[in-house]
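One letter stands for each residue in the lines below.
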Amino acid sequence: MPLDPQAKAIIDQFAAVGGAELHEMSVSQARELILGMAGLAGEPESIARVENSMVPGPAGDIPIRIYTPVGTAPFPVLVYFHGGGWVIGNLDTHDGVCRSLANRVGCIVVSVDYRLAPEHPFPAAPEDCYAATRWVAEHAATLGADRGRIAVGGDSAGGNLAAVVALMARDRGGPKLVHQLLIYPATDADFETRSCRENAEGYFLTRADMVWFWNHYAPRDADRRNPYAAPLRAASLGGLPPALVITAEFDPLRDEGEAYGARLRDAGVPVRLSRYDGMIHGFFQMGAVVDRGRAAVEEAARALGQAFATR
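In this report, we go over the structure that sits alongside the text. Nothing here was measured: the structure is a model prediction, and the numbers come from that model.

### Section: the pattern of salt bridges
Part 1 of the reasoning: For the structure on display, the rule yields 20 salt bridges.
Part 2 of the reasoning: Across the pair Glu127 and Arg172 runs a salt bridge whose closest N-O atoms are separated by 2.9 Å. Of the two residues, Glu127 is situated in helix H4 (residues 124-138) and Arg172 in the loop between helix H6 (157-171) and strand E6 (179-183); the sequence distance between them amounts to 45 residues.
Part 3 of the reasoning: For Arg172, a relative accessible area of 36% gives the class partly exposed.
Part 4 of the reasoning: Residue Arg134 pairs with Glu138 through a salt bridge whose shortest N-O separation is 3.2 Å. You can see Arg134 and its partner Glu138 sitting in helix H4, 4 residues apart, about one turn around the helix.
Part 5 of the reasoning: Shared partners join several salt bridges into a network, and the residues in it are Arg65, Asp92, Asp95 and Arg99.

Structure below.
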């Protein structure tokens, strides 16, 4: 399928602005860039309550943001990890999508501001995300949440972290998770997949960008082989929660996301693989200007709602 016209308009707009590409920027410049893109998600939806808080982590307190929808407790809860290549992004860059999911699913969303590389390379991010997920389970009653209905989710690097937290929860004896929402997840430090080669340039996220992210996040080869950095390398994916894996046709990460979904299915895990043809990396957060971004949020909300309803 050809590139979606709305996605192409975004690419053309960035090209017209010019300037350095992400992988040519300093870390601070890249972080400013992603903050400026938050508007692509549209005007933030109103929600019953938003609260910033801190939870204990392995190296100090971890900032979180708790979104509570209209309704009656106890609510199911989604622990959400933002994208940004483990280097950029924060609670504000993903505020819009967290509000949308909380409202559509009728669940609490706990967004986690995990430590970023290169200041804090692997395994800082997954350890923070796992600690936050455990905290949510242990304090569910205080949050007005149902400990028996906890899911994890995220986009891009956040999808990687959601998959890794599911592995950690299985390997470390909990907490029990009912779903994993994996939105174009990074699952391996492999830059030679077909999608990474075919979509290396010209489709928003580039192959060179991914090399830049991995070099900051996990510069050591030994770390890149660790399944808590590259979950596609896990020896077994058995015993993991059901998953929705969303991918985009013109995304360097397409094939590794779909390979992870296929391995989940082979391991007996219920999984839905959903490729959005014509789409580019990041479209899930572009709902203000990309119709299929809104459609993907709706699909994610349905999957979460079904997972929570069966528990």
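Once you've had a look at it, read on.
### Concerning the packing of aromatic side chains
Geometry of an aromatic ring pair is reported as the spacing of the ring centres plus the angle between the planes.
Part 1 of the reasoning: Counted according to the given criterion, the structure contains 9 aromatic pairs.
Part 2 of the reasoning: Seen in terms of ring centroids, Phe122 and Tyr217 are 5.9 Å apart; in terms of plane orientation they differ by 80 degrees. Their pairing is edge-to-face. A residue pair is termed long-range when its members are at least 10 positions apart, and Phe122 in the loop between strand E4 (108-112) and H4 and Tyr217 in helix H8 (residues 207-217) qualify at 95 residues.
Part 3 of the reasoning: Over the face of the ring belonging to Tyr130 we find Arg172, whose NZ or CZ atom lies 5.0 Å from the ring centre.

### Quick notes on the side chain of Arg65
Part 1 of the reasoning: Checked against the element boundaries, Arg65 lands in strand E2 (residues 60-68).
Part 2 of the reasoning: Under the relative-accessibility criterion, Arg65 is labelled buried at 11%.
Part 3 of the reasoning: Side chain to side chain, Arg65 and Asn52 meet in a polar contact 2.7 Å long.
Part 4 of the reasoning: In this structure Arg65 touches Val50, Glu51, Asn52, Leu91, Asp92, Asp95, Val109, Val110 and Ser111, once residues within four positions along its chain are discounted.

### So, the pairing of strand E1 (residues 49-57)
Part 1 of the reasoning: Judged from the 9 bridges that link them, E1 and E2 form a sheet pairing that is antiparallel. Bridge pairing in E2 links Ser53 to Ile64.
Part 2 of the reasoning: Hairpin remark: E1 followed by E2, antiparallel, with 2 residues in the connecting loop.

### Examining the pairing of strand E7 (residues 243-250)
Part 1 of the reasoning: Counting buried residues along E7, 8 of its 8 residues qualify, which places the element largely inside the surrounding structure.
Part 2 of the reasoning: Of the strand pairs in this sheet, E6 and E7 are connected by 4 bridges, and their pairing is parallel. Residue pairing in the sheet places Leu181 in a bridge with Leu244 of E7.
Part 3 of the reasoning: What joins E7 to strand E8 (residues 271-280) is helix H10 (residues 254-266), and the crossover it makes is right-handed.

Cut-off values and rules
Residues numbered from 1 in each chain as written. Predicted model: local features only at pLDDT ≥ 70, side-chain atom pairs only at ≥ 80, totals over all residues. Heavy atoms only, no water. Salt bridge = Lys/Arg side-chain N within 4 Å of Asp/Glu carboxyl O. Helix = DSSP H or I, 4+ residues; strand = E, 2+ residues; numbered from the N terminus. Buried < 20%, exposed > 50% of the residue type's maximum accessible area, 1.4 Å probe, protein only. Phe/Tyr/Trp six-rings, centres within 6.5 Å; stacked < 30°, edge-to-face > 60°. Lys NZ or Arg CZ within 6 Å of the ring centre and 35° of its normal. Polar contact = N/O pair within 3.5 Å; in protein donor to acceptor, adjacent residues only side chain to side chain. Contact = heavy atoms within 4.5 Å. Pairing = 2+ DSSP bridges. Right-handed = clockwise from strand over helix to strand, strands pointing away.

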